[in-house]
Amino acid sequence: MKSSEIRSRYLEFFEKKGHVIVPSSSLIPHEDPTLLFTSAGMVQFKKYWATDDPLPYTRATSCQKCLRAGGKDSDLEKIGTSGKHHTFFEMLGNFSFGDYFKEEAINWAWEFVTQHLKICKDRLWVSYFHDDTETLKFWKKLLPESKIVPLGKKDNFWGPAGDTGPCGPCTEIYIDTGEDPSCQNNNCKPGCDCNRFLEFWNLVFPQYNQQSNGELLPLKRRGVDTGMGLERISRILQNKDSNYETDLFTPLIAEIEKISKISCNQENLRSFRIISDHIRAAVFLIGDGVYPDNEGRGYVLRRIIRRAHFEGIRIGIKEPFLTHLVECVKGIFEGIYKEIEKNTSEIKKVICEEEKKFNVLLSSSRKIFESDIKKLESKKIPGDIIFRWYDTYGIPRDLIFELAQQHNLEPDWEAFEHYLKKQKEMAKQKSIFEQKKQVIFEKPLINETVFTGYQETENKGSVLALYRISEKDLWEIVLDTTPFYPEKGGQIGDRGIIKGKDWIFEVLDTQIDMRGVIFHIGRFASGIPDKIKENEQVTAIVSKTHRMNVAANHTATHLLHYCLRNISNNQARQAGSYVGDDRLRFDFLFSGRLDQDMIDRIEAEINKIIFENHKVDIVEMDYQQAIKSGAVALFTEKYGGKVRVVKTGNFHSELCGGIHVNSTSEICVLKILTFSSIGENLKRIEAITREYAYMWFKRRNEMLLQAAEIMKTVPESLLTSIQRMKKHIQEMEKKMKSILEKSLINISEKLDEKKIQINNHTISIFTGQLDNIDLVQLGKIADNICSGKNSCVVLLAGVLDGRAVLVCKVTPDISTIVNASHIIKHIAKLLDGSGGGKPEFAQGSGRDITKIEQVISQANRIIPEIFNKNERK
């Protein structure tokens, strides 16, 4: 059975059981800051188990894109050696939110596996959480108890996906693949470490909501969360020994064989598996808006691409090749994931750029490695050095291992793992509201905060929770309703105050968690925390100035996006943004050249729109309706069924949940400060608006007035005055140059000249100390002395800016006998310095200026010694 048929059969089966087919969410869990990636099918549904709010459905089924690379669920290091693990995979799942529970989930799973997939019952086993007698009772109706295995919490208690959220006991379905010859267990069954039993479907029963302090509270809606890996079930139904032999991978394996011109076999199996796995992960990550970076999700993507590229090198592929596999991935998932088809060109560009960068890194890795090992005191490479190579320079473990073998060194992998673990622990906590916090009081089962900030900047609310973040000396307040907009979509959180009966709280930042709970983070401006009470009625007041500045910058970002698309013929594409109160930043993909003329045109067009005072309207509509109307949707964002569309005039509309101005004139003015390239095809523009733009123009005007005063003119004539002064300076420099050149001729006539014999050659040596003359001028003096002469050596030294500078010139006829570079290296060493160059000309410098006179006076003795020493060598 083909994987595409398994996928559709599964969804259709559960649709007939009353489930709504829900499309896969993004690999980026936008609503869950505790997760790096979407690692399970239930991630997009987490909040449905923990809320009292009405739900769009109580039964759902999906085929979810998942990634387990980075974080506690990472399978990255298992890829290649295991035939059943992947970074990217698809998880088939069915879910119940306060609807059916264990009995129906178990019966339907058994029905689908045995009747629809027709897997032989005799080959099936199950495991369950040893305390879950209810699950045991239901399985005993379907299987002999000898095939129902009780296991502990490690194996059969799932979740949460992250640090908090739904979790509960689970039961797993296994298939017996036949005896494993390496197994020594006479009573082999699920739970054994051998490869005989392959788990392919996990049925989780979320009953608890794990809190940040580890406490398990009953879920508002207990339910069902199942997950079956499409790759594993395809392996079973296609009767293969590993997932990599299924139709989800064989086209990729064949393409890699074609590119590498070698067949996949036991010797290179690991490389073929890593490449075929990692290219899938890279394609889907970029398709969901992740770009290579040095931290977070981008860092994981970078590691995945580089690891795959390195494995290509191991099987003889010398040029960038991963981009040629993108079409193959696209073909495997044709018609399933539209984002891959839509963004194929972009995915190829990003992968190609990263491969090119890595090729440069590989050539420099040897230099980094060889430089560091010179400092080693033993044959063992310390873990901190290995970690720096791995983390800072991105040198893969395999390359480190190979380089170490070549130099007969032993990497301290145990110490390296210690540093790697330490880094992972540090990476867990990223934002202020994720810091460890002390619960002062907290109402049980807090639901999504009611946000009123689209309509108002002030409202009443009740205090539901108070936390203290001791590490930051900050506090967090949770209200039932708030006008404070939390940080999301690139827009920073609101600031303002919360007024209680006997206290005032200054809100410095606003954040939101995956449940939709909004946290007001700040300090007490008056009163003490002891005064604040649970359910106390308070007034939440957003700073209007801060809100207006942020709103102006957000709408300005939309205008910038619009103008960029116009000027680039729709080639420019948003890759990220930052919207603060003091500035905005816009990152975009554009393969064309970005110059000052384009920036000036963009800036002029935006300000024209601002001055024309177009109305900014916000409407809610269905996602598909919004797309059909021409609204721009960012492929880096996740959208639900209903979306907010921000319409500027009648010329631009964009899907956005942020805060905006009512009309473009409220932006006042926009000034682009910088534009730069931050990667191949990745550009960045930074700009300011409103009072910050006014202050920028004010400061520039003050500088203009000061400059005019210095030039003794008026601002309007400043440019003419500067041009006149520049011309005068150029004329003076020309005269000075002429005077200097004449003086150099006079200087050269006063240098010491001595005759020496080297290998029966009579050589003239000119030496002298000339202070406060740079190397360029010293070189000209040396050229002037040698002009028209043969058998001539010039050695000049002097003091410049507290250092000794040296120049040596040798005429071509004797450069094979006396080498200028050898002379400079020797002399510079005497002056505690270094230098070098070519046989006819060299230069250097040194720290010890006290020996210059001695070296110059003894040059006629030192130079023959250098020559004779080289001759002996």
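Residues numbered from 1 in each chain as written. Predicted model: local features only at pLDDT ≥ 70, side-chain atom pairs only at ≥ 80, totals over all residues. Heavy atoms only, no water.

J.: Could you give me a rundown of the overall build of the chain, with the residues and numbers involved?
T.: Check the secondary structure of the chain and you find 23 helices and 35 strands. Its C-alpha atoms put the chain at 110 × 75 × 55 Å along the principal axes. A total of 873 residues make up the chain; the buried ones form 51% of that total. Long-range contacts, defined as pairs at least 24 residues apart, comprise 67% of the intrachain contacts of the chain with a sequence gap of at least 6. Carbon and sulfur atoms provide 48% of the accessible area of the chain, an area that totals close to 41,800 Å². Mean positive and mean negative side-chain charge positions of the chain (123 and 119 charges, respectively) differ by 2 Å. (Helix = DSSP H or I, 4+ residues; strand = E, 2+ residues; numbered from the N terminus. Buried < 20%, exposed > 50% of the residue type's maximum accessible area, 1.4 Å probe, protein only. Contact = heavy atoms within 4.5 Å. Areas by Shrake-Rupley, 256 points an atom, 1.4 Å probe, with all protein chains shown as cover. Lys, Arg positive; Asp, Glu negative; His and termini not counted. Charge placed at Lys NZ, Arg CZ, Asp CG, Glu CD.)

J.: Go over the nonpolar core, please, and point to the residues and values.
T.: Core analysis: the biggest nonpolar cluster contains 87 residues, and Ile119, Ile173, Phe200, Trp201, Ile233, Leu322 and Ile351 have the highest contact counts within it. Here this core gets 10 residues from one element, more than from any other, and that element is helix H7 (residues 269–287). When sequence neighbours within four positions are dropped, the list of residues in contact with Leu322 reads Ile275, Ile279, Ile305, Ala308, His309, Ile351 and Glu355. Judged by nonpolar contacts, the second largest core, of 31 residues, contains Ala556, Tyr562, Ile667 and Ile672. (Core = buried A, V, L, I, M, F, W, Y, C linked by side-chain atoms within 4.5 Å.)

J.: Give a detailed account of the side chain of Thr449, specifying residues and quantitative values.
T.: By secondary structure assignment, the location of Thr449 is in the loop between strand E14 (438–442) and strand E15 (450–451). By relative accessible area, which is 6% here, Thr449 ends up buried. At 2.9 Å, the side chain of Thr449 forms a polar contact with the backbone nitrogen of Ile518. Discounting chain neighbours no more than four positions away, the residues touching Thr449 are Leu479, Asp480, Thr481, Thr482, Gly516, Val517 and Ile518. (Polar contact = N/O pair within 3.5 Å; in protein donor to acceptor, adjacent residues only side chain to side chain.)

J.: An account of the sheet that holds strand E27 (residues 652–655) is needed here, citing residue identities and associated values.
T.: Reading across from one edge, E25-E26-E27 is the order of the three strands in this open sheet, with antiparallel pairing throughout. Single-partner strands in this sheet number two, and they are strand E25 (616–622) and E27. Strand-to-strand, the axes of this sheet are offset by a mean angle of 25°, without reference to chain direction. Relative to E27, strand E26 (residues 642–648) is paired through four bridges, and the arrangement is antiparallel. Note that in E27 the partner of Lys647 across the bridge is Ser653. (Pairing = 2+ DSSP bridges. Axes fitted to C-alpha atoms, helices over the stretch in contact; angles between N-to-C directions.)

J.: If you had to explain the packing of aromatic side chains to someone new, which residues and values would you point to?
T.: Applying the stated rule across the entire model yields 41 aromatic pairs. With centroids separated by 6.1 Å and ring planes inclined at 45°, the aromatic side chains of Tyr467 and Phe519 adopt a geometry described as tilted. Linking Tyr467 in strand E16 (residues 458–469) with Phe519 in strand E21 (residues 518–526), this pair joins segments that are 52 residues apart in sequence. When its relative accessible area of 4% is taken as the criterion, Tyr467 is described as buried. Relative accessible area serves as the criterion here: at 3%, Phe519 is assigned to the buried category. Seen from the ring of Tyr454, Arg644 lies directly overhead, with NZ or CZ sitting 3.6 Å from the centre. (Phe/Tyr/Trp six-rings, centres within 6.5 Å; stacked < 30°, edge-to-face > 60°. Lys NZ or Arg CZ within 6 Å of the ring centre and 35° of its normal.)

J.: Please set out the pattern of salt bridges residue by residue, giving values where relevant.
T.: Considering all chains together, one arrives at 37 salt bridges under this definition. With its nearest N and O atoms 2.8 Å apart, the salt bridge here joins Arg9 to Glu5. Of this pair, Arg9 and Glu5 both sit in helix H1 (residues 3–16), four residues apart, which is roughly one turn of that helix. Judged by its relative accessible area of 32%, Arg9 is partly exposed. The closest approach of N and O atoms between Glu354 and Arg306, which form a salt bridge, is 3.0 Å. With Glu354 in helix H11 (residues 344–373) and Arg306 in helix H8 (residues 296–314), this pair connects stretches of sequence that are 48 residues apart. Here Glu354 and Arg306 have matching classes, each one buried. (Salt bridge = Lys/Arg side-chain N within 4 Å of Asp/Glu carboxyl O.)

J.: Describe the side chain of Arg307, and please don't skip the residues or the numbers.
T.: If you trace the backbone, Arg307 turns up in helix H8. Taking the relative accessible area as the measure of exposure, Arg307 reaches 12% and is therefore buried. At 3.0 Å, the side chain of Arg307 and the side chain of His278 are in polar contact. The contacts of Arg307, once residues within four sequence positions are left out, are Leu76, Glu77, Ile79, Arg270, Ile274 and His278.

J.: Describe in detail unusual backbone geometry, supporting the description with residues and values.
T.: Positioned with a positive phi, Asn569 is a non-glycine residue whose angle comes to about 55°. The exposed category is assigned to Asn569, whose relative accessible area is 63%. Unusually for a residue other than glycine, Ser791 sits at a positive phi of about 50°. By the element assignment, Ser791 lies in the loop between helix H20 (775–786) and strand E32 (792–800). Ser791 gets classed as buried once you look at its relative accessible area, which sits at 18%.

J.: Give me the lowdown on H20, citing residues and values where you can.
T.: For H20, built from 12 residues, the straight-helix expectation of 16 Å at 1.5 Å per residue is met to within 8% by its first-to-last C-alpha distance of 16 Å. Those residues of H20 that sit buried are Gln777, Leu778, Gly779, Ile781, Ala782, Ile785 and Cys786. After H20 finishes, the residue Gly788 shows a positive phi value of roughly 80°. (Expected span 1.5 Å × (residues − 1).)

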